[in-house]
Amino acid sequence: MKSTTRSALGIAALSLAFTSIMTAPASAQTPGPDDGAGPVDPGLLSAMAEELGTDAAGALDVLAFQDAANTTTATLADEAGAAYAGSWLDESTRTVYTAVTSTEARQAAESVGAVPVEVTYSIDDLEAISARLSESGGIGDVTSWWIDVTTNQVVVETLGDAAASEVAAQIGAPADAVRIETTAEAPETFATIQGGIAYTINGTSRCSVGFAVEGGFVTAGHCGRAGASTNYGTFRGSSFPGDDYAWVATPSHTPVGTVSDYAGGAVAVSGSTPAAVGATVCRSGSTTGWHCGQVQAYNSSVRYAEGTVSGLIRTSVCAERGDSGGSLLAGNQAQGVTSGGSGNCSTGGTTYFQPVNEILQAYGLRLLTR
C-alpha cells in the first residue's frame, strides 16, 4: 500500500483504522553538522549511527570529519599532481591516508595533517590499467574491476579461477598492479522494475510497484496524481477515488514480467486470469514483503476518507503502509494492485485490491509476462 574528479577517487570511505490507505510518509530532515553540511535525513542518520555503534551526535561528528577530509584530499590531489595515488579514511581514528609516489608529495601530505603512504603506482597509472580492461571488452569470466587505493592495485573480480599475471599480461599491465578476487555471482542492475518493489513519489512518500507493463508499471491511484514524479519515471494516468489505479512510465528503466517474492527470488507473471472466490492469493509489497490469504469477494466498495472506491477485490491478505500499489497474484496470474484495508501483518487484516485487468483496459496497456 502507499505508503571523477581525482580529488574524490578512492575515499574509502497498520496498524490503521478500517479501510485506511497505506502510504508511507516522507521523513523529516535533521540539521547537518556545524560545519555547514546540508540537512541529514533522520533515517539515514539513525542507520549510520547503528552501523558505527554510536548515537546521532556521533554520526554527525563523522559527517563533519568526512566533509573536512574532502577538502584535505582535494588540496593534496592538486599539490601532489602526477604523484598522487588516492586517499582513504579511517573514521574510527579520524585519520586521512594519502598514497603518494614521490618525496615531495609525501611532505605535502604531512603538511596538511594526512598520513602519507608511499606506493609504486600513481592514480593515473591505475586508471590507465582500468581503462585497458574496459577497452578489452571483457576477459573470460571477469565481472567487475575497481581501483583499491589502499593496496595500490586494480582489483579484478571473476567468476572462475584466473591468475593476476595472465590478466595483467593480456592488457599490458604490471602483474603486481593487478589483484584477482573470485565471486559466486555476477552483478546485475538494480533498476530492473518488477512487481512488489518500492518506489518514491515526489520524494515525499513511498508505494509499491504493481505489475510491469510495456513502458512502465501499474500501481494504485492514491499513490500519485498524473504528472507526479517518481524515482523511476512519471505518473501518466491516475484515478482516485471512484477507482484506485494508475500507471507510471519508466523510459530509462527496464520493467520485467516478474514479482518479487522477498525471499531472494521472483515469480514469473504468465497472464491475468481472475481467480475464483475462495482461491488462495499472495501479495508482494515493499513494507511487509510476501503474504497470502484468500479471495473473499469481488465488486466490493470501500468508503475511504477521500471517497468511495468500487469494484475492488476483497481478501484476507494482510498489508501495511507502503504496500499500496503492490502486486496480488493467484499462482502466476496477475490479479490486482493493493488499494487499502484494515489490520496489519502482526494481527491479520482485510485488504482490497484494484483489479489489474481494469487498469490495463483503462489505459490501453499490455501486461509484461515471462
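In the annotation of an unreviewed UniProt entry, the chain is listed under the name S1 family peptidase and assigned to Microbacterium plantarum. Of the chain, the UniProt comment under Sequence similarities (unreviewed entry) reads exactly: "Belongs to the peptidase S1 family."

Student: Explain the state of the cysteines to me, please; I cannot follow it from the model alone.
Tutor: In protein structure, a disulfide is the covalent linkage between the sulfur atoms of two cysteines. Following the criterion strictly, the structure yields 3 disulfides and no others. The disulfide that involves Cys282 links it to Cys292, with 2.0 Å between the sulfurs. Its torsion about the S-S bond being 100°, the disulfide of Cys282 and Cys292 is classed as right-handed. In this pair, Cys282 sits in strand β18 (residues 280-285) while Cys292 sits in strand β19 (residues 289-304), placing the two residues 10 residues apart along the sequence.

Student: Is there a simple way to think about the side chain of Gln333 in this case?
Tutor: If you trace the backbone, Gln333 turns up in strand β22 (residues 333-344). On the accessibility criterion, Gln333 (17% relative accessible area) is buried. Within the structure, Gln333 has its side chain in polar contact with the backbone nitrogen of Ser272 (distance 3.0 Å). Ignoring any residue separated from it by four or fewer positions in sequence, one finds Gln333 in contact with Ser270, Gly271, Ser272, Thr273 and Leu328.

Student: I'm lost on unusual backbone geometry in this one. Help?
Tutor: The phi angle of most residues is negative, glycine excepted, and most peptide bonds adopt the trans form. Along the chain, Phe240 connects to Pro241 via a cis peptide bond; the corresponding omega equals -5°. As for its position among the elements, Pro241 is in the loop between β14 (234-239) and β15 (245-249). For Arg94, which is not glycine, the phi dihedral falls at a positive 55°. For Arg94, the location among the structural elements is in the loop between β3 (84-90) and β4 (95-100). On the basis of relative accessible area, Arg94 is assigned to the partly exposed category, the value being 35%.

Student: Is there a simple way to explain the environment of Ser310 in this structure?
Tutor: Structurally, Ser310 is set in strand β20 (residues 307-315). Looking at Ser310, the relative accessible area reads 33%, which means it is partly exposed. In sequence terms Ser310 and Pro241 are 69 residues apart; their C-alpha atoms lie 8.7 Å from each other. Aside from chain neighbours lying at most four places away, what touches Ser310 is Gly242, Ser300 and Ser301.

Student: In this structure, what is going on with the confidence of the model for the chain? I would like to understand it.
Tutor: Note: predicted coordinates in regions of low pLDDT should not be interpreted at a detailed level. When pLDDT is averaged along the chain, the result is 83; 85% of the residues meet or exceed 70. In the predicted structure, residues 4-19 sits below a pLDDT of 50 and forms 51 contacts with residues beyond four places in sequence or in another chain. pLDDT under 50 marks residues 25-29. Its contacts with residues more than four places away, or in other chains, come to 13 contacts.

Student: How should I be thinking about the sheet that holds strand β5 (residues 115-118) in this particular structure?
Tutor: The strands that make up a sheet pair up through hydrogen bonds in the backbone, lying either parallel or antiparallel. Reading across from one edge, β3-β4-β5 is the order of the 3 strands in this open sheet, with mixed pairing throughout. For this open sheet the edge positions go to β3 and β5, each flanked by a neighbour on one side alone. With strand direction ignored, the average angle separating the axes of adjacent strands in the sheet is 25°. For β3 and β4, the ladder comprises 5 bridges, and the chain directions are antiparallel. Note that in β4 the partner of Ser87 across the bridge is Thr98. The strands touched by helix α2 (residues 56-80) within the sheet are β3 and β4, with β3 carrying the most contacts at an inclination of about 165°. Contacts from helix α3 (residues 103-111) reach β4 and β5 within the one sheet, and its direction differs from that of β5 by about 160°.

How each quantity is defined
- Residues numbered from 1 in each chain as written.
- Predicted model: local features only at pLDDT ≥ 70, side-chain atom pairs only at ≥ 80, totals over all residues.
- Heavy atoms only, no water.
- UniProt positions renumbered as here; feature names shortened; annotations may be inferred.
- Disulfide = S-S within 2.5 Å.
- Helix = DSSP H or I, 4+ residues; strand = E, 2+ residues; numbered from the N terminus.
- Buried < 20%, exposed > 50% of the residue type's maximum accessible area, 1.4 Å probe, protein only.
- Polar contact = N/O pair within 3.5 Å; in protein donor to acceptor, adjacent residues only side chain to side chain.
- Contact = heavy atoms within 4.5 Å.
- pLDDT = per-residue confidence, 0-100.
- Pairing = 2+ DSSP bridges.
- Axes fitted to C-alpha atoms, helices over the stretch in contact; angles between N-to-C directions.

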